Amino acid sequence: MLRKPVLCIQNINPMLFSYLSELNDVRKLREEILVMKQYFLECSDALRTDRLLCQLSERQHFVENSDMYSMQDLIDLANDVLLPEITKIHVNFSQHVRTDCEKCQKHGRICVVCNTGDLLFPFDFAAFVCPKCEIILHRDCYLQKNQRCPGCSRNRVGDS
């Protein structure tokens, strides 16, 4: 029962994410891991060779959703075990997508505003993903455009 994910903290007390920065950090990492999982499901190297998703075999629910927690998760969070563990896994996952795997790198996008050569991925902290057209750009570039998505603006002009 200790390892069974039965607690949905968002439903129990969503203010805990504001009160406990470590819990909020874990939630963000889990959300990003779920985005990266989509890359791995299409990448034979990630599944067969690197077996990346197996790194979370003790916490399988972390690759199924970002909402459910087990009692063990909360104990490990309180004992400063969970956040370092998930951070290390997140780094491994991110490294696979960004640098180790050409297949995954091909899914990266260049910011349409500044056109710098660095690849952006939806799980990047510095990235903004438009909820309407799903274009990816730097968060700062989005703010410089007065929070207007250039992809949506282009679509509106094309519709006229």
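So, a few notes on the structure that sits alongside this text. Fair warning: this is a prediction, and the values are worked out from it, not measured in the lab.

We now examine the overall build of the protein chain. Helix and strand counts for the protein chain stand at nine helices and four strands. Put simply, the protein chain runs from its N terminus to its C terminus through helices and strands in the order β-α-α-α-α-β-α-α-α-β-β-α-α. Overall size of the protein chain, expressed as C-alpha extent along the three principal axes, is 60 × 40 × 25 Å. Looking at the 160 residues of the protein chain, the share that counts as buried comes to 38%. Partitioning the contacts of the protein chain with sequence separation of at least 6, the portion at a separation of at least 24 is 55%. Just so you have it, the protein chain exposes about 9800 Å², and 51% of that area is on carbon and sulfur atoms. Distance between charge centroids for the protein chain: 6 Å, based on 20 positive and 21 negative side chains.

A general trend in soluble globular proteins is that nonpolar side chains are found buried together. Of all hydrophobic cores here, the largest spans 27 residues; its most connected members are Ile 33, Tyr 39, Phe 40, Leu 56, Ile 86, Phe 93 and Val 97. Put simply, the parts of the chain that give this core at least two residues each are helix H3 (21–41) and helix H6 (82–100). Looking at this core element by element, the count peaks at seven residues for H3. If near-sequence neighbours (up to four positions away) are discounted, Phe 40 is found in contact with Ala 46, Leu 47, Leu 52, Leu 53, Phe 93, His 96 and Val 97.

Turning our eyes to something else, we now look at the pattern of salt bridges. For the structure on display, the rule yields five salt bridges. For the salt bridge of Asp 45 with Lys 103, the shortest nitrogen-to-oxygen distance reads 3.9 Å. With Asp 45 in helix H4 (residues 44–49) and Lys 103 in helix H7 (residues 102–105), this residue pair connects regions lying 58 residues apart in the sequence. The class for Asp 45 is partly exposed, based on a relative accessible area of 32%. We classify Lys 103 as partly exposed; its relative accessible area is 41%. Note that Asp 124 is salt-bridged to Arg 98, the shortest N-O span being 1.8 Å. Here the residue Asp 124 occupies a position in the loop between H7 and strand E3 (127–129), and Arg 98 occupies one in helix H6, the gap between them amounting to 26 residues. With relative accessibility at 10%, the residue Asp 124 sits in the buried group. Salt bridges here are not isolated pairs; linked through shared partners, they connect Arg 59, Asp 73, Asp 76 and Glu 85.

Quick notes on the rules
Residues numbered from 1 in each chain as written. Predicted model: local features only at pLDDT ≥ 70, side-chain atom pairs only at ≥ 80, totals over all residues. Heavy atoms only, no water. Helix = DSSP H or I, 4+ residues; strand = E, 2+ residues; numbered from the N terminus. Buried < 20%, exposed > 50% of the residue type's maximum accessible area, 1.4 Å probe, protein only. Contact = heavy atoms within 4.5 Å. Areas by Shrake-Rupley, 256 points an atom, 1.4 Å probe, with all protein chains shown as cover. Lys, Arg positive; Asp, Glu negative; His and termini not counted. Charge placed at Lys NZ, Arg CZ, Asp CG, Glu CD. Core = buried A, V, L, I, M, F, W, Y, C linked by side-chain atoms within 4.5 Å. Salt bridge = Lys/Arg side-chain N within 4 Å of Asp/Glu carboxyl O.

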